[in-house]
Amino acid sequence: MMHRYFKKKLSSYHDNELGANERKRLEEHLQTCGECRRELAFYQKMSTDLKTQEAPHVRPFFAQRVVNRAETKSRPSVWSVFEWLPRPVFSFLLVASIVAFGYLMSPLSQSSVSTKVEPDYSSLFSSTTQTLASRDEVLAFVLFNQESESAGENK
Ligand SMILES: [Zn+2]
């Protein structure tokens, strides 16, 4: 039975590796054998799938562009402005901005607006003491950092 023989030759046929004579015989067999036609169609589908799955054609200098992009990303950003600042100054700015933000969001800043309409002294008092405490902490922090800074300059 020639079917088994041709079936083994199908992939070679698909890869154009058969001699002209054998190729002709296999094509004749294909016309009479549905199973071999399906098998051949399977090979063809596989190869087209592989072609479409191939990575998109890499354009020239693509790798270079990737490197450039990576370098652009590592270029000075907004945050790198803090890199040349001494550590204590940066931490002070950070704490100060957090405290300032907390102050803006605190009930004190809101009640100071609302006191014009309806004073609420109890809440004003409690939030004021809270804010004063944090201000003292900031002040102590600033003084400490100024000391350590000038100590560094004297070296
Ligand atoms: Zn067959």
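1. Considerations on the packing of helix α1 (residues 2-14) against helix α3 (residues 34-53)
Running from amino to carboxyl end, α1 crosses α3 at an angle of 20 degrees, the nearest separation of the two axes being 10 Å. One way to sum up the angle between α1 and α3 is to call them roughly parallel. Judged by the sense of rotation from one axis to the other, the crossing of α1 with α3 is right-handed. Here α1 contributes His3, Phe6, Lys7, Leu10, Ser11 and His14 to the contact with α3, which in turn contributes Cys36, Glu39, Leu40, Tyr43 and Gln44. For the contact of α1 with α3, the class distribution of residues is five nonpolar, four polar and two charged.

2. A word on unusual backbone geometry
Unlike most non-glycine residues, Asn16 shows phi in positive territory, near 60 degrees. Tracing the backbone through its elements, the reader meets Asn16 in the loop between α1 and α2 (20-32).

3. Structural notes on the packing of α1 against α2
Here α1 crosses α2 at 115 degrees, and the two axes come no closer than 10 Å. Regarding α1 and α2, the two cross each other, and that crossing is left-handed. Along its contact with α1, which presents Met2, Phe6, Lys9 and Tyr13, the element α2 presents Glu22, Arg23, Leu26 and His29.

4. A closer look at the confidence of the model for the protein chain
Per-residue pLDDT for the protein chain has a mean of 75; in total, 57% of the residues score no lower than 70. Mean pLDDT values for the elements of the protein chain range from 56 in helix α6 (residues 107-114) up to 96 in α2.

What counts and what doesn't
- Residues numbered from 1 in each chain as written.
- Predicted model: local features only at pLDDT ≥ 70, side-chain atom pairs only at ≥ 80, totals over all residues.
- Axes fitted to C-alpha atoms, helices over the stretch in contact; angles between N-to-C directions.
- Helix = DSSP H or I, 4+ residues; strand = E, 2+ residues; numbered from the N terminus.
- Parallel < 35°, antiparallel > 145°, perpendicular 65-115°, else oblique.
- Left-handed = near helix turned anticlockwise from the far one by under 90°.
- Contact = placed C-beta atoms within 7 Å.
- Nonpolar A, V, L, I, M, F, W, Y, C, P; charged D, E, K, R; others polar.
- pLDDT = per-residue confidence, 0-100.

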